[in-house]
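Single-letter residue listing:
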Amino acid sequence: MIKSLRDIPRIGEKTFRRFIEHFGGEKQALESILNGDIAAISEMEGMTEKSAISLVLEARAQNEGVGIRDFLKTDVAYEMYERINALISGFAHTDYAKSKINLYFPYPARKKDMIIKLQKEIGGIIRMAGKLDDNELSGFLSGVRPIKTNVTIPVIRDRAIIATTQEEFEAARNFPVSVQLVSEPGEAIDVARGYSHVFIGTSLAGIDFPEDIDVDFIDIKRTETWQVAPEKELAFFAKNLGSITSAISVFRIIRKHEPDFCAKIKDDEIERLALGTSKISGDSDLKGGLDNEIDRLISVYGRLNDTIAAAEKKANAEFGSLIEKSSVTVKGFDLLTAIDGSANSLFEKEIREKYNTVTASALCTISNELGMSPKEVQYLDNFFSDEVSHPIRVNPRGAEGLKNHLLRSIASRKLVLLRENARELSKLKETASVIVREVLDFDVGYTIGCFARKFSLGMPAIHDKSGIGLAGGTNIFLESPVPIDYSVGASRFNAGIGKLKDACVILLSGVNSGGKTSTLDLLAQIIILAHMGFPVPAKQCELGLVEEFFYFGKSRGTMDAGAFESTIRDFSAIAGKKNKLVLADELESITEPGASAKIISGILEELDDNNGMGVFVSHLAESILKDTTCDIRVDGIEAKGLDEHLNLIVDRNPRYNYLARSTPELIVERLARKNKDSEFYNRLLKKFK
Ligand SMILES: Nc1ncnc2c1ncn2[C@@H]1O[C@H](COP(=O)(O)OP(=O)(O)OP(=O)(O)O)[C@@H](O)[C@H]1O
């Protein structure tokens, strides 16, 4: 049992330190490895997804006392397992499921309990997957990613907690807002002027603060994040928004068909979470359209500059045209006043009236255009200076005053709403994490379910005898496979076989391209999937579990002495008492036919003596049988001739107790019929007649 990271052989000192740094502690790192958290492990520096998977598998193997290679004893067997896994992963909707699929592997017979447990779990998921509509589900499912918990937000600088004691100060520093320590109430007012929103201890309740500062009196030592910095609480939801909302949709769809799915999460929690997350945008802000007043304020702020510019332009045009038409008549004693040097006041009076008219109209336009509230209209008083000036311009400081007021109003109103939402959502953080985790884990099972649905797989029945039998078996790597019925050893499918019906060691003979290799591959797929606790590609299947699985592929051509020696050494692994299945494809090409037949018969005898199961594809069945006294059954896949398109007519189902000929003459016949003018093919064909 692994108790420390150091118990995993692959983890040296350097990797150990990296793990601690990445996961924040040995316990967390170990948990992550044993839980198979591939995504988090592969985020580590120097770690790829592949190495993370093999590390997890190694750790698990150590923990469970069994690893992949305990069952998959040859490279060809392992490659078949990898091909199957790659095929299944292709059905995953999330990267999480894609990598998690790699953690399933075939267990040897001694882990029967585990296999049966997996069969039950996966069987349940497949039944559920069968009820779900993938078109409805897949879009949402692929939007779910593991929850990111490491969420930070920048300090909110225009909001402060004003502490009056050291303890309050220390408590306040836990929140991402400015923190100030004051020694007396008057100082608090001065400090508060630098912020648009302050939180002050209840001990200072009753002091008057300037009107333009929002003040909240709180118990600083007991306050919660949602109260002073709701943005921090909401940032978790904002950062994981896509995943959470997609997971909620998946949850709802599953629950429609399977009301008990993940019963620990109550419907009302999901609905509250859905409501809360529907209010936030990706940057922890409030979504538009939720509050009319905020939307109005934002719109006023956004249109202010343009509205002012248009009003200025209009005012200047009106003012210009009024001035153009103006004249001042100086009559009678006014002439004397004018000589006095007071002509200016006469002109000013005339111009001021027009200036006042034009600016008043401009303010009216601005206020109407923007739909301003009475409080906002008050800020317009500072827009135009009392002194007549030309061209007419809005006083920038006046406009700034209104803008600041608008921004403060937006912030203060938003804070109320953000707080309400953060308060509600802060209680649902765990719910959100669980929902996402459950949906990701669901995708792992659903991936297997989709794979099973696509290939019409069925759960095999496991019996205690030595044998494997199937009806309607379809090789998952063939495009349009013809279903195969076959039985090796004891099974309920061997009733009609006649002699040697329980034989566990078989020679499979037959025509070239008849489907011998495909049959071995099918058996390999079935044996691997069944030992993983997965459904298998057969309408019906019954099998006894084995401890080891050997698959030897076809060798390419005669071997040199070294390669031959190492192949024989590979085969020596099948000696021994452990129950096993051995598949071997045309072993004869390792050396010349006579010697090959002797070697194969020796291997088959070894297998038979040790109660092993084996299917050996060979064109040397007759010679092999001559060299052995064991009860070896010979089955055959036979070609019956050529069809009108000169394709082989083959019955893909092996015939029991039947030595099928290789029928190379059919291939020669095909060549001769396709190339009617060729003397050469005709001459060869005659040799067979
Ligand atoms: N059950 C089947 N259903 C449909 N097609 C099949 C089936 N079995 C085999 N085939 C087709 O026949 C082709 C040849 O099959 P396979 O390689 O298994 O034959 P073989 O008997 O091992 O041939 P050889 O003796 O030349 O190695 C396959 O690629 C596939 O296209």
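For the structure, see preceding data.
Residues numbered from 1 in each chain as written. Predicted model: local features only at pLDDT ≥ 70, side-chain atom pairs only at ≥ 80, totals over all residues. Heavy atoms only, no water.

J.: Describe the site of the ligand, naming the residues involved and giving the relevant values.
T.: Close contacts around the ligand come from 17 residues, with Val482, Lys516, Thr517, Ser518 and Lys554 the closest. Ser513 is positioned such that a nitrogen or oxygen atom in its backbone is 2.8 Å from an oxygen atom of the ligand. In the model, an oxygen atom of the ligand is placed 2.6 Å from a nitrogen or oxygen of the Thr517 side chain. About the coverage of the ligand: the protein hides 73% of its 630 Å² of free accessible area. When residues of the shell around the ligand are assigned to their parent elements, the largest contribution, 3 residues, is made by helix α21 (residues 516-531). A per-class count over the shell around the ligand returns 5 nonpolar, 8 polar and 4 charged. (Near = heavy atom within 4 Å. Polar contact = N/O pair within 3.5 Å; in protein donor to acceptor, adjacent residues only side chain to side chain. Areas by Shrake-Rupley, 256 points an atom, 1.4 Å probe, with all protein chains shown as cover. Helix = DSSP H or I, 4+ residues; strand = E, 2+ residues; numbered from the N terminus. Nonpolar A, V, L, I, M, F, W, Y, C, P; charged D, E, K, R; others polar.)

J.: Please set out the sheet that holds strand β6 (residues 467-473) residue by residue, giving values where relevant.
T.: On the basis of which strands lie adjacent, the open sheet formed by 4 strands has the order β5-β9-β6-β7 and mixed pairing. With one partner strand each, in any of the chains shown, β5 (461-463) and β7 (484-489) form the two edges of the open sheet. Put simply, the sheet's adjacent strands are angled 10° from each other on average, direction ignored. Bridge count between β6 and β7: 5 bridges; the pairing is antiparallel. When the bridges of β7 are listed, Gly467 appears paired with Gly489. (Pairing = 2+ DSSP bridges. Axes fitted to C-alpha atoms, helices over the stretch in contact; angles between N-to-C directions.)

J.: Let's hear about the sheet that holds strand β12 (residues 613-617): which residues, and what values?
T.: An order of β10-β11-β12-β8-β13 is seen for the 5 strands of this open sheet, with the pairing classed as parallel. At either end of the open sheet lies a strand with only one pairing partner, and these are β10 (548-552) and β13 (633-637). Averaged over all pairs of adjacent strands, the angle between their axes in this sheet comes to 15°, without regard to strand direction. When β10 meets strand β11 (residues 580-585), the two strands line up parallel, connected through 5 bridges. Looking at the pairing, Glu548 lines up with Lys580 of β11.

J.: Outline unusual backbone geometry, listing residues and values.
T.: Generally, phi is negative for residues other than glycine and the peptide bonds are trans, each holding for most cases. In this structure, Pro391 follows His390 across a cis peptide bond, with omega equal to -5°. Here Pro391 shows up in the loop between α18 (374-378) and α19 (396-426). In this structure, Ser513 is a non-glycine residue whose phi angle is positive, near 60°. Looking at where Ser513 falls in the secondary structure, it is placed in the loop between β8 (505-510) and α21. Assessed through its relative accessible area of 65%, Ser513 is described here as exposed. A positive phi angle is found at Asn657, which is not glycine, with a value near 50°. Checked against the element boundaries, Asn657 lands in the loop between β15 (648-650) and α25 (664-674). Its relative accessible area of 27% is what places Asn657 among the partly exposed residues. (Buried < 20%, exposed > 50% of the residue type's maximum accessible area, 1.4 Å probe, protein only.)

J.: How would you summarise the pairing of β12 if you had to cite specific residues and measurements?
T.: Among the 5 residues of β12, 5 are classified as buried, and the element is accordingly described as predominantly covered. Burial of β12 is two-sided: the residues Met613, Val615 and Val617 facing one way and the residues Gly614 and Phe616 facing the other way are all buried. Pairing between β8 and β12: 4 bridges, direction parallel. Of the residues in β12, the one forming a bridge with Val505 is Gly614. Relative to β12, β11 runs parallel, the two being bridged by 5 bridges. Counted as the bridge partner of Leu583 is Val615 from β12.

J.: If you had to explain the packing of aromatic side chains to someone new, which residues and values would you point to?
T.: Tallied over the full model, the rule gives 19 aromatic pairs. Measuring from centroid to centroid gives 4.8 Å for Phe105 and Tyr107, while their planes differ by 35°, and the two rings are tilted. A relative accessible area of 7% means that Tyr107 is categorised as buried. Centre to centre, the rings of Phe236 and Phe237 are 5.0 Å apart; their planes meet at 85°, and the pair counts as edge-to-face. In textbook terms, an aromatic cluster arises when at least three aromatic residues are bridged by ring pairs, as seen for Phe251, Phe261, Phe442 and Tyr446. (Phe/Tyr/Trp six-rings, centres within 6.5 Å; stacked < 30°, edge-to-face > 60°.)

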